[in-house]
Amino acid sequence: MRDVLVKRFGFDHNHIELLIDAPGSLVMPTGANIKKVLDQMLKKAEPGDVLFFQYSGQGTRIPSAKPGHPFRQDEAIMPCDFNLITDVDFQQLVNRLPKGASFTILSDSCHSGGLIDKEKEQIGPFSVTNDCTLQKSCSPKIIPLESILQHLTSQTSINTSDIGTHLLELFGADASHKFNLHPHELDSSESLKTDEGILLSGCQANETSADMNPMMTRGKAYGAFSDAVQMVLKDHLGSLNNKEVVLLARKSLEEGGFAQHPCLYCSDENADAPFLWQPQGSGL
């Protein structure tokens, strides 16, 4: 994706930060490190800037503390140190964008639908399946909440099922705003400004996203949604809007036998806006 950003969309290679949990990695994708890089990106943002964040990894759902929440569950990504980054955190990041800038989030993770809190659904659920019935060998990008709690409890030695208590104990101010704010503060927090946040999710909120088994892909492991987006961009050299990217990725995954359904959350205007930036005069 880094190569695609540079070669197709004209991003400056020096403006791209790569956090990866591989041997020798200079910056590990911990919760604090991911939020630090995103915070720096938002601080530098100016009108007209195009901001992009791709996450390919574990995702989960956690009990909601917001009053009157219809599903009583919120979405989160799970960095390598288990310091969850929630839909509330992404909402607050998007709210900081200067007028005229855009922030596209591509999350290839389980339960990623709705990962920007309060963002408008453009392409959403049409299936209630949770099955990972594939023609290829895959594993879902998910660790059950019970397993997360078990791991956190082993670190804190606190006997509670409240995940926020464990995360605050371990990470303090670096824990998600979801756990640092009172439920009424969450409910009354600023809604998204129009036309700024764009979420392309690997699946619906009730679904899992698949990781391809390297044994079945000639030694290469990858997320099915990430691969689908790459194939869409490779097969369609012309300008694609956000809605087209998601619909074509859905079609690609369906043809490959995947049960997950990518979604799009953004304003009406951004649904029809070009995916990221198309260089003028490039013929793309």
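This one's a predicted model, so the numbers in the text were calculated from it and none came from an experiment.

(A) Representation of helix H3 (residues 87-95) within the structure. Summarising burial for H3: eight of the nine residues are buried, a large majority. Every buried residue belonging to H3 is among Asp-87, Val-88, Asp-89, Phe-90, Gln-91, Leu-93, Val-94 and Asn-95, and all of these are buried.

(B) Broad picture of the sheet that holds strand S5 (residues 102-108). A sheet is described by the order of its strands in space; here five strands give the open sequence S1-S5-S8-S11-S6, paired in mixed fashion. Taken across any chain shown, the strands that pair with only one partner, and hence form the sheet edges, are strand S1 (50-56) and strand S6 (121-123). On average, adjacent strands in this sheet sit at an angle of 20 degrees to one another, irrespective of strand direction. Sheet topology note: the S1/S5 ladder contains seven bridges and is parallel. Across the sheet, residue Ser-56 finds its bridge partner in S5, namely Asp-108.

(C) Layout of the environment of Ile-143. As for its position among the elements, Ile-143 is in the loop between strand S7 (138-140) and helix H4 (145-156). What makes Ile-143 partly exposed here is its relative accessible area of 22%. With 33 residues separating them along the chain, Ile-143 and Cys-110 place their C-alpha atoms 9.2 Å apart.

(D) Structural view of the confidence of the model for the chain. Looking at the chain as a whole, the pLDDT averages 85, with 82% of positions reaching at least 70. In this model, residues 127-135 is a region of pLDDT below 50 whose contacts with residues beyond four sequence positions or in other chains number 27 contacts.

(E) Summary view of the packing of aromatic side chains. One pass over the structure, following the stated rule, counts two aromatic pairs. Geometrically, the ring pair formed by Phe-9 and Phe-275 is edge-to-face, given 5.7 Å between the ring centres and 80 degrees between the ring planes. Of this pair, Phe-9 sits in the loop between helix H1 (2-7) and helix H2 (31-44) while Phe-275 sits in the segment after helix H10 (268-271), placing them 266 residues apart in sequence. As far as the burial class goes, Phe-9 and Phe-275 line up, both buried.

Calculation notes
- Residue positions are given per chain, counting from 1 as you read along its sequence in written order.
- Predicted model: local features are reported for residues with pLDDT of at least 70 only, side-chain atom pairs are reported and counted for 80 or more only, and whole-chain, interface and lining totals are derived from all residues.
- Computation of side-chain values covers all heavy atoms of the structure but excludes hydrogens and water.
- Only protein chains enter the accessibility calculation, which uses a 1.4 Å probe. A residue is then buried if its area is under 20% of the maximum for its type, exposed if over 50%, and partly exposed in between.
- Counting from the N terminus, the helices are DSSP H or I runs at least four residues long and the strands are E runs at least two residues long.
- Strands pair, by our definition, only if DSSP identifies at least two bridges between them.
- Geometry is summarised by axes, namely lines fitted to C-alpha atoms with helices restricted to the contacting stretch, and by angles between N-to-C directions that run from 0 to 180 degrees.
- Confidence scores labelled pLDDT are given residue by residue by the predictor and lie between 0 and 100.
- Contact criterion: two residues are considered in contact whenever any of their non-hydrogen atoms come within 4.5 Å of each other.
- By convention, a stacked pair of Phe, Tyr or Trp rings (six-membered ring in the case of Trp) has centres within 6.5 Å and planes under 30 degrees apart, an edge-to-face pair has planes over 60 apart, and any other such pair is tilted.

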